[in-house]
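Structure assessment
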Amino acid sequence: MRDHHPHHREHGAGQDGFEKRPGRERGGRGPRVFAPGDLKLLLLALIAEQPCHGYDLIRQIEGLFDGAYSPSPGVIYPTLTFLEESELIQGDAEGGKKRYTVTDAGRQYLTDQAVALDGVRMRIDVSKRSLRGHDRPAEIHEAVHNLRHALQMHHGRWSPAEILRVRDLLNNTAKAIVDGPVSAQPAQENAE
């Protein structure tokens, strides 16, 4: 499966030198629902649970997102073709429609990718909340874009010391976000 990235357009630079982008992530198309490889793994898992047709898979995925997202046939069927050509599933024509079942190789692949599949399901939960309107504010989207831009501007100048510095900055920031806001000290303690 190929991942298509649109060309970045200039939307004007702010005082800080970072590009200002209108709309949401990815050029206004909304947040990415699946990371590369996620859909392949999810389809394989759904087929392993119960053999089904492509249309059934679309409906099952829509159900996983509580109706907030429905994958297009133009995404589902090429992925099914890839899985079939990889001999992870097989499709049997039944009344003009293919019914997909998992192969032994597909079951083994799922076993080998159990941790990755858990990650896919976690990302679905996050995406589901995002698609239902619990998305990050525009200011946070812009800050994430600025971070990506800063990393891209590095142009491969990664010395061992710089790798450690940036890794620590990113990991500490991620931890601080997960830990949540620091509660303010009571006024009495500050007065002492």
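Residues numbered from 1 in each chain as written. Predicted model: local features only at pLDDT ≥ 70, side-chain atom pairs only at ≥ 80, totals over all residues. Heavy atoms only, no water.

Going by an unreviewed UniProt entry, the protein chain carries the name Transcription regulator PadR N-terminal domain-containing protein and comes from Pseudomonas fluorescens.

**As for the packing of aromatic side chains**
Under the defined criterion, the tally for this structure stands at 3 aromatic pairs. Here the aromatic rings of F34 and F65 are separated by 5.9 Å at their centres, their planes lie at 85°, and the arrangement is edge-to-face. Pair noted here: F34 is in the segment before α1 (38–49) and F65 is in the loop between α2 (54–64) and α3 (73–85), with a separation of 31 residues, a long-range link. As far as burial versus exposure is concerned, F34 and F65 are alike and both buried. (Phe/Tyr/Trp six-rings, centres within 6.5 Å; stacked < 30°, edge-to-face > 60°. Helix = DSSP H or I, 4+ residues; strand = E, 2+ residues; numbered from the N terminus. Buried < 20%, exposed > 50% of the residue type's maximum accessible area, 1.4 Å probe, protein only.)

**Considering the sheet that holds strand β2 (residues 89–94)**
Sheet strands pair via backbone hydrogen bonds, and the direction of the pair is either parallel or antiparallel. With antiparallel pairing, the 3 strands of this open sheet are ordered in space as β1-β3-β2. Each edge of the sheet is formed by a strand with only one pairing partner; in this case those strands are β1 (52–53) and β2. The sheet contact formed by β2 and strand β3 (residues 97–102) spans 6 bridges and is antiparallel. Bridge pairing in β3 places I89 opposite V102. Along the sheet face, α1 touches β1, β2 and β3 and points at about 90° away from the line of β3. The strands touched by α3 are β2 and β3; relative to β2, the strand with the most contacts, the crossing angle is about 115°. (Pairing = 2+ DSSP bridges. Contact = heavy atoms within 4.5 Å. Axes fitted to C-alpha atoms, helices over the stretch in contact; angles between N-to-C directions.)

**Considerations on the packing of α1 against helix α4 (residues 104–112)**
Orientation of α1 relative to α4, taken along the N-to-C sense of each, is 120°, at an axis distance of 10 Å. Considered as vectors, α1 and α4 are oriented oblique to each other. The two elements α1 and α4 cross, and the hand of that crossing is left-handed. Contacts between α1 and α4 involve K40, L41, L44, A45 and A48 on the former and, on the latter, G106, R107, Y109 and L110. Classifying every residue of the contact of α1 with α4 by side-chain character gives 6 nonpolar, 1 polar and 2 charged. (Parallel < 35°, antiparallel > 145°, perpendicular 65-115°, else oblique. Left-handed = near helix turned anticlockwise from the far one by under 90°. Nonpolar A, V, L, I, M, F, W, Y, C, P; charged D, E, K, R; others polar.)

**Thoughts on the nonpolar core**
Among the nonpolar cores identified, the biggest contains 27 residues, and F34, L43, I47, I61 and L80 are the most heavily contacted of them. Going through the elements one at a time, α1, α2, α3, β3 and α5 (114–131) are the ones with two or more residues in this core. A per-element tally of this core places α1 first, with 8 residues. If near-sequence neighbours (up to four positions away) are discounted, I61 is found in contact with F34, L39, L42, L43, L46, Y69, P71 and I76. (Core = buried A, V, L, I, M, F, W, Y, C linked by side-chain atoms within 4.5 Å.)

**Quick notes on the confidence of the model for the protein chain**
Note: predicted coordinates in regions of low pLDDT should not be interpreted at a detailed level. Of the residues in the protein chain, 74% have a pLDDT of 70 or more, and the chain-wide mean is 78. Of all the helices and strands in the protein chain, helix α8 (residues 187–191) carries the lowest mean pLDDT, 51, while α4 carries the highest, 97. Note that pLDDT drops below 50 for residues 1–29; the model gives that stretch 39 contacts with residues more than four away or on any other chain. (pLDDT = per-residue confidence, 0-100.)

**Overview of the packing of α1 against α2**
Interhelical geometry of α1 versus α2 gives an angle of 105° and a closest axis separation of 11 Å. Here α1 lies roughly perpendicular to α2, going by the angle between them. For the pair α1 and α2, the contacting residues are L39, L42, L43, L46 and I47 in the first and L57, Q60, I61 and L64 in the second. Here the contact of α1 with α2 is composed, by residue class, of 8 nonpolar, 1 polar and no charged.

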